[in-house]
Amino acid sequence: MCAMRLHVADHPLVAHKLTVLRDERTASPTFRLLVDELVTLLAYEATRDVRTEPTVIQTPVTQTTGTKLADPRPLVVPILRAGLGMLEGMTRLLPTAEVGFLGMQRDEETLEAITYANRLPDDLSGRQCFLLDPMLATGATLVAAIDFLFERGARDVTAVCLLAAPEGLKVLEDAVGDRGDLTVVVASVDERLNENAYIVPGLGDAGDRLYGVV
Ligand code: URA
């Protein structure tokens with residue numbers, strides 16, 4: 001049975017760091033650092049079901065069977081621009097993962113996702129994929145990104161986000177249906193979207209706060 005699973009990282013360090021991120025007085029350098037730290041904490045939860053296989057090793061004392069990441073290695077896909085700020089935090093825990101890229105922008109009038117760049121392997125069958133996008137707002141960007149991955153054969157996708165709106169989670173769940181397994185790992189599910197489709201209370205525009213208004 002395929003379904004969407006939601007995991008909200010319930011930890012005092014996550015709550016503390018997220019509060020500093022939300023604060024409008026937090027400037028870009030601190031914001032970037034905190035996103036990095038938060039994603040490392042989320043990555044720990046997001047990789048709970050990462051595929052492994054047994055491996056026999058020799059310790060200084062005896063031979064034993066341990067665990068190693070299975071092949072094919074996981075694929076981490078930051079959604080540009082804001083997802084780039086999450087890449088280091090994720091690959092710190094998954095250094096052998098491959099990294100693909102999706103450049104997506106939301107059209108601020110139609111709120112639809114526009115794809116302007118894509119660098120992904122053609123065949124993702126049997127591959128665990130980790131999508132990085134800080135703000136799950138309307139869900140349009142993540143739905144488009146998940147469609148990209150499913151079209152290439154992926155069936156096991158984890159979206160790592162800082163914040164989600166209930167509206168976006170519902171859109172995502174309906175869009176995925178029974179096409180594959182989706183896990184969403186977030187630091188918080190916020191109250192709602194406002195009339196401009198910003199998350200409330202949220203943290204503003206994640207890309208601008210990471211990289212400035214360019
Ligand atoms: N994108 C953002 O960066 N912030 C929001 O609140 C919603 C979408």
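## Points about the site of the ligand
- Contacts to the ligand come from Arg106, Met135, Ala137, Ala197, Tyr198, Ile199, Gly204, Asp205 and Ala206.
- In this structure, an oxygen atom belonging to the ligand sits 2.8 Å away from a main-chain N or O atom of Ile199.
- One of the backbone nitrogen or oxygen atoms of Ala206 is found 2.8 Å away from an oxygen atom of the ligand.
- Against a free-state accessible area of 240 Å², the protein chains account for coverage of 88% of the ligand.
- Residue composition of the shell around the ligand, grouped by class: six nonpolar, one polar and two charged.

## Examining the nonpolar core
- In terms of nonpolar packing, the biggest core is built from 34 residues, with Leu21, Val35, Val76, Met90 and Leu162 touching the most fellow members.
- Put simply, the parts of the chain that give this core at least two residues each are helix 1 (12-22), helix 2 (28-46), helix 3 (87-93), strand 8 (128-132), strand 10 (156-164), strand 11 (181-189) and helix 6 (206-211).
- Residues in contact with Leu21, not counting those within four places in the same chain, are Phe31, Leu34, Val35, Leu38, Leu162, Leu203 and Arg209.
- Among the nonpolar cores identified, the runner-up in size contains 30 residues, and Met4, Leu124, Cys129 and Val176 belong to it.

## Describing the packing of helix 1 against helix 2
- One can describe the packing of helix 1 onto helix 2 by two numbers: an axis separation of 10 Å at closest approach and a directional angle of 155 degrees. When the interaxial angle is binned, helix 1 and helix 2 end up roughly antiparallel. Handedness of the helix 1/helix 2 crossing: left-handed. The residues of helix 2 that touch helix 1, namely those facing Leu13, Val14, Lys17, Leu18, Val20 and Leu21, are Phe31, Leu34, Val35, Glu37, Leu38 and Leu41.
- Of the residues assigned to the contact of helix 1 with helix 2, the class counts are ten nonpolar, no polar and two charged.

## Regarding the packing of aromatic side chains
- Applying the stated rule across the entire model yields zero aromatic pairs.
- Lying across the ring of Phe150, Arg155 places its NZ or CZ 5.5 Å from the centre.

## Details of the state of the cysteines
- A complete count under the given rule lists zero disulfides for this structure.
- With no disulfide of its own, Cys161 has Cys129 as its nearest cysteine by sulfur position, at a separation of 15 Å.
- Overall, Cys161 belongs to the buried group, its relative accessible area being 0%.

## What to know about the side chain of Ser188
- The residue Ser188 is located in strand 11 in this model.
- When residues no more than four places from it in sequence are discounted, the contact partners of Ser188 are Val8, Leu18, Arg22, Leu162, Leu163 and Ala164.

## Describing the layout of surface pockets
- Space inside the largest pocket adds up to approximately 640 Å³.
- Around the largest pocket sit 27 residues that line it, and Ala82, Met104, Arg106, Glu108 and Asp205 are the ones nearest its centre.
- Going through the elements one at a time, strand 4 (75-80), strand 6 (101-106), strand 9 (135-136), helix 4 (140-151) and helix 6 are the ones with two or more residues in the lining of the largest pocket.
- Considering only residue class, the lining of the largest pocket consists of 15 nonpolar, six polar and six charged.
- In this structure, the second largest pocket spans a volume of roughly 290 Å³.
- Around the second largest pocket, the lining comprises 19 residues; the ones closest to its centre are Arg5, Ala46, Asp49, Thr158 and Thr183.
- Contributions of two or more residues to the lining of the second largest pocket are made by strand 1 (4-8), helix 2, strand 8, strand 10 and strand 11.

Rules behind the numbers
Residues numbered from 1 in each chain as written. Predicted model: local features only at pLDDT ≥ 70, side-chain atom pairs only at ≥ 80, totals over all residues. Heavy atoms only, no water. Near = heavy atom within 4 Å. Polar contact = N/O pair within 3.5 Å; in protein donor to acceptor, adjacent residues only side chain to side chain. Areas by Shrake-Rupley, 256 points an atom, 1.4 Å probe, with all protein chains shown as cover. Nonpolar A, V, L, I, M, F, W, Y, C, P; charged D, E, K, R; others polar. Core = buried A, V, L, I, M, F, W, Y, C linked by side-chain atoms within 4.5 Å. Buried < 20%, exposed > 50% of the residue type's maximum accessible area, 1.4 Å probe, protein only. Helix = DSSP H or I, 4+ residues; strand = E, 2+ residues; numbered from the N terminus. Contact = heavy atoms within 4.5 Å. Axes fitted to C-alpha atoms, helices over the stretch in contact; angles between N-to-C directions. Parallel < 35°, antiparallel > 145°, perpendicular 65-115°, else oblique. Left-handed = near helix turned anticlockwise from the far one by under 90°. Phe/Tyr/Trp six-rings, centres within 6.5 Å; stacked < 30°, edge-to-face > 60°. Lys NZ or Arg CZ within 6 Å of the ring centre and 35° of its normal. Disulfide = S-S within 2.5 Å. 1 Å grid on protein atoms, 1.4 Å probe; cavity = no way out; pocket = protein on both sides within 12 Å on 5 of 7 lines; lining within 4 Å. Points joined across faces, edges and corners; volume = space filled by probe spheres on them.

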